[in-house]
Amino acid sequence: MSQMRSGTTPPPRYVIAAAPRRTPGSVPFVEEAPSTPQEPLPEKLAYSLTSAAKALDVSLSTIRRAIDAGEIRSTKLGRRRVIPAQALEEFLAPKSN
């Protein structure tokens, strides 16, 4: 450790300054821009197993069982398994007997 002279205080390493307070009247009013029609977000091309389960409001194990039974088509991307959006639509389509 470095030796300090007696009676001196070390310089502060950092100083924390208080943030300026704003009163409700000091917040500027910002007008909202007129709403313009926006294009809808593009649909997903593929879903993870978790997001597919959330989209269908079923459990993850239900999705896994449907994949194992061949009811839902899936594919591997690297180490990740995904379900094409079209495969979910086909799974939800009415089945003909």
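Use the structure listed above.
Residues numbered from 1 in each chain as written. Predicted model: local features only at pLDDT ≥ 70, side-chain atom pairs only at ≥ 80, totals over all residues. Heavy atoms only, no water.

K.L.:
Honestly, the sheet that holds strand S1 (residues 46-48) in this entry has me stumped. Any pointers?
P.N.:
Strand pairs in the sheet, formed through backbone hydrogen bonds, run parallel or antiparallel to each other. Taken in spatial order, the 3 strands make up an open sheet running S1-S3-S2, and their pairing is antiparallel. Of all strands in the sheet, those with a lone pairing partner are S1 and strand S2 (75-77), marking the two edges. With strand direction ignored, the average angle separating the axes of adjacent strands in the sheet is 45 degrees. In this structure, S2 lies alongside strand S3 (residues 80-84), joined through 3 bridges in antiparallel fashion. (Pairing = 2+ DSSP bridges. Helix = DSSP H or I, 4+ residues; strand = E, 2+ residues; numbered from the N terminus. Axes fitted to C-alpha atoms, helices over the stretch in contact; angles between N-to-C directions.)

K.L.:
Sorry if this is basic, but what is going on with the nonpolar core here?
P.N.:
Proteins that are soluble and globular tend to have nonpolar side chains buried together. Tyr 47, Leu 49, Ala 52, Ala 53, Ile 63, Ala 66, Ile 67, Ile 72, Ile 83, Ala 85, Ala 87 and Leu 88 form the largest nonpolar core, which has 12 residues in total. Apart from residues lying up to four places away in sequence, Tyr 47 is in contact with Ala 52, Val 82, Ile 83, Ala 85 and Leu 88. (Core = buried A, V, L, I, M, F, W, Y, C linked by side-chain atoms within 4.5 Å. Buried < 20%, exposed > 50% of the residue type's maximum accessible area, 1.4 Å probe, protein only. Contact = heavy atoms within 4.5 Å.)

K.L.:
Explain helix H3 (residues 85-92) to me, please; I cannot follow it from the model alone.
P.N.:
Residues spaced three or four apart along an α-helix face the same direction, because each turn holds 3.6 residues. Every buried residue of H3 is listed here: Ala 85, Ala 87 and Leu 88. Each buried residue of H3 sits inside an arc of 160 degrees when the element is viewed along its axis, so together they form one side. Structural note: H3 exposes Gln 86 and Glu 89 on the side pointing more than 90 degrees away from its buried face. Buried residues along H3 sit in contact with S1, helix H1 (49-56) and S3. (Arc of directions from axis to C-beta.)

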